[in-house]
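Single-letter residue listing:
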Amino acid sequence: MDFKNTLQISQLIVNRLTEGAFVHKMQGQLFKSQGFEKLGKKYIDHYNEEMGWVEKYTDRMLDLGFKPQVQLNKEYELIEDAKAYIESDLKEQREGVEMLYKIMADLRDDPTTYDITKAYLLDEEEDQYWSEEQLELIEKIGLQNWLVKQM
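Because the structure is predicted, anything quoted here is derived from the model rather than measured.

J.: Would you mind showing me how to read the overall build of the chain here?
T.: A tally of regular secondary structure across the chain gives five helices and zero strands. In sequence order, the secondary structure elements of the chain are arranged as α-α-α-α-α. Structurally, the chain occupies a C-alpha span of about 55 × 25 × 20 Å along its principal axes. Relative to all contacts within the chain whose residues are 6 or more apart in sequence, the contacts with residues 24 or more apart total 76%. Counting only carbon and sulfur atoms, one obtains 51% of the accessible surface of the chain, whose full area is about 9000 Å². Of the charged side chains in the chain, 19 are positive and 31 negative; the average position of the first set lies 1 Å away from that of the second.

Next comes the structure, spelled out in structure tokens:
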């Protein structure tokens with residue numbers, strides 16, 4: 001069986017996910033330093049969860065005899081405003097979910113990676129829904145009230 005698609009897709013996911021996870025970690029630390037302990041913990045926990053997915057994809061590539069490449073080349077600026085960050089992160093989440101839906105068809109010949117990606121897609125959709133809910137909550141109760149809940 002040819003695993004070329006699997007390896008290319010897995011490598012792409014690992015690189016993008018590692019970048020995004022690290023941004024979540026740094027944003028979490030920034031929010032904690034601002035006194036928003038709950039929000040900071042949410043993003044630090046999200047980092048840990050995402051690195052678990054990196055591990056799964058890396059293990060899969062190694063199982064297939066491929067040595068993963070580390071390619072991180074994007075610069076990110078941390079966003080101090082919590083609402084602005086959630087809006088920015090939501091945009092990236094939506095793009096990521098859309099990308100995952102598109103690549104599912106390319107993994108149909110590799111049920112193992114397909115299943116990993118399907119589970120990862122479900123997890124990403126949950127993260128997207130959380131961000132959408134937070135923005136809706138901000139609209140309903142106001143930013144200051146929402147921020148108090150994040151302390």
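J.: Explanation requested: the side chain of glutamine 128 in the structure shown.
T.: The topology assignment puts glutamine 128 in helix H4 (residues 111-141). If we skip the residues at most four places from it in the chain, glutamine 128 touches Leu90, Gln93, Arg94 and Val97.

J.: Quick question: what am I supposed to make of the packing of aromatic side chains here?
T.: Where two aromatic rings form a pair, the distance of their centres and the angle of their planes describe that pair. One pass over the structure, following the stated rule, counts six aromatic pairs. An angle of 50° between the planes, with centres 6.0 Å apart, marks the rings of phenylalanine 31 and tyrosine 43 as tilted. Taken together, the residues phenylalanine 31 in helix H1 (residues 4-33) and tyrosine 43 in helix H2 (residues 37-63) connect sequence positions 12 residues apart. Neither residue differs from the other here; phenylalanine 31 and tyrosine 43 are each classed as buried.

J.: What should I look at first to understand the packing of H1 against helix H3 (residues 82-104) in this one?
T.: When two helices pack together, their arrangement is given by the angle between the helix axes and the distance between those axes. Interhelical geometry of H1 versus H3 gives an angle of 165° and a closest axis separation of 13 Å. Classified by the angle their axes make, H1 and H3 are roughly antiparallel. Regarding H1 and H3, the two cross each other, and that crossing is left-handed. Side by side, H1 and H3 meet where Ile9, Leu12, Ile13, Arg16, Val23, His24, Gln27 and Phe31 of the first sit next to Ala82, Tyr85, Asp89, Met99, Leu100 and Ile103 of the second. Among the residues making up the contact of H1 with H3, the classes are represented as 10 nonpolar, two polar and two charged.

J.: Which parts of the structure should I look at to understand H1?
T.: Since there are 3.6 residues in each turn of an α-helix, residues three or four apart along the chain are aligned in direction. For H1, with 30 residues, the first-to-last C-alpha span of 44 Å sits near the 44 Å given by 1.5 Å per residue. The positive-phi residue at the C-terminal boundary of H1 is glycine 35, with phi of around 95°.

J.: Got a minute to help me understand the packing of H2 against H4 in this structure?
T.: Taken N-terminus to C-terminus, the directions of H2 and H4 make an angle of 170°; their axes are 11 Å apart at the nearest point. As the angle between them shows, H2 and H4 are arranged roughly antiparallel. Seen along the crossing, H2 lies across H4 with a hand that is left-handed. The residues of H4 that touch H2, namely those facing Leu39, Lys42, Tyr43, His46, Glu49, Glu50, Trp53, Lys56, Tyr57 and Arg60, are Thr112, Thr113, Ile116, Thr117, Ala119, Tyr120, Asp123, Glu124, Asp127 and Trp130.

The rules behind these values
- Counting starts from 1 at the beginning of each chain's written sequence and moves along it residue by residue.
- Totals for whole chains, interfaces and linings use every residue, but because this is a predicted model, local features are given only for residues with pLDDT of at least 70 and side-chain atom pairs only at 80 or more, for both listing and counting.
- By convention in this description, side-chain values take in all heavy atoms of the structure and omit both hydrogens and water.
- Numbering of helices and strands starts at the N terminus; helices are DSSP runs of H or I of at least 4 residues and strands are runs of E of at least 2.
- Residue contacts are counted whenever heavy atoms from the two residues lie within 4.5 Å of one another.
- Areas reported here follow the Shrake-Rupley algorithm with a probe of radius 1.4 Å; residue values treat only the protein chains shown as occluding.
- His is not counted here, nor are the chain ends, while Lys and Arg score as positive and Asp and Glu score as negative.
- By convention, charge coordinates are those of NZ in Lys, CZ in Arg, CG in Asp, or CD in Glu.
- Stacked, tilted and edge-to-face pairs are distinguished by plane angle, under 30 degrees for stacked and over 60 for edge-to-face with tilted covering the rest, among Phe, Tyr and Trp rings (Trp via its six-membered ring) whose centres lie within 6.5 Å.
- To sort residues, take the accessible area from a 1.4 Å probe on protein chains only and compare it with the maximum for the residue type: under 20% means buried, over 50% means exposed, and anything in between is partly exposed.
- With axes taken as lines fitted to C-alpha atoms, and helix axes fitted only over the stretch in contact, angles between N-to-C directions fall between 0 and 180 degrees.
- Should an angle fall under 35 degrees it is called roughly parallel, over 145 degrees roughly antiparallel, and 65 to 115 degrees roughly perpendicular, with every other angle called oblique.
- Handedness of a helix crossing follows the sense of rotation of the near helix relative to the far helix, less than a right angle counterclockwise being left-handed and clockwise being right-handed.
- Each residue gets one label: Ala, Val, Leu, Ile, Met, Phe, Trp, Tyr, Cys and Pro are nonpolar, Asp, Glu, Lys and Arg are charged, and the others, such as Gly, are polar.
- To estimate how far a helix should reach, multiply one less than its number of residues by 1.5 Å.

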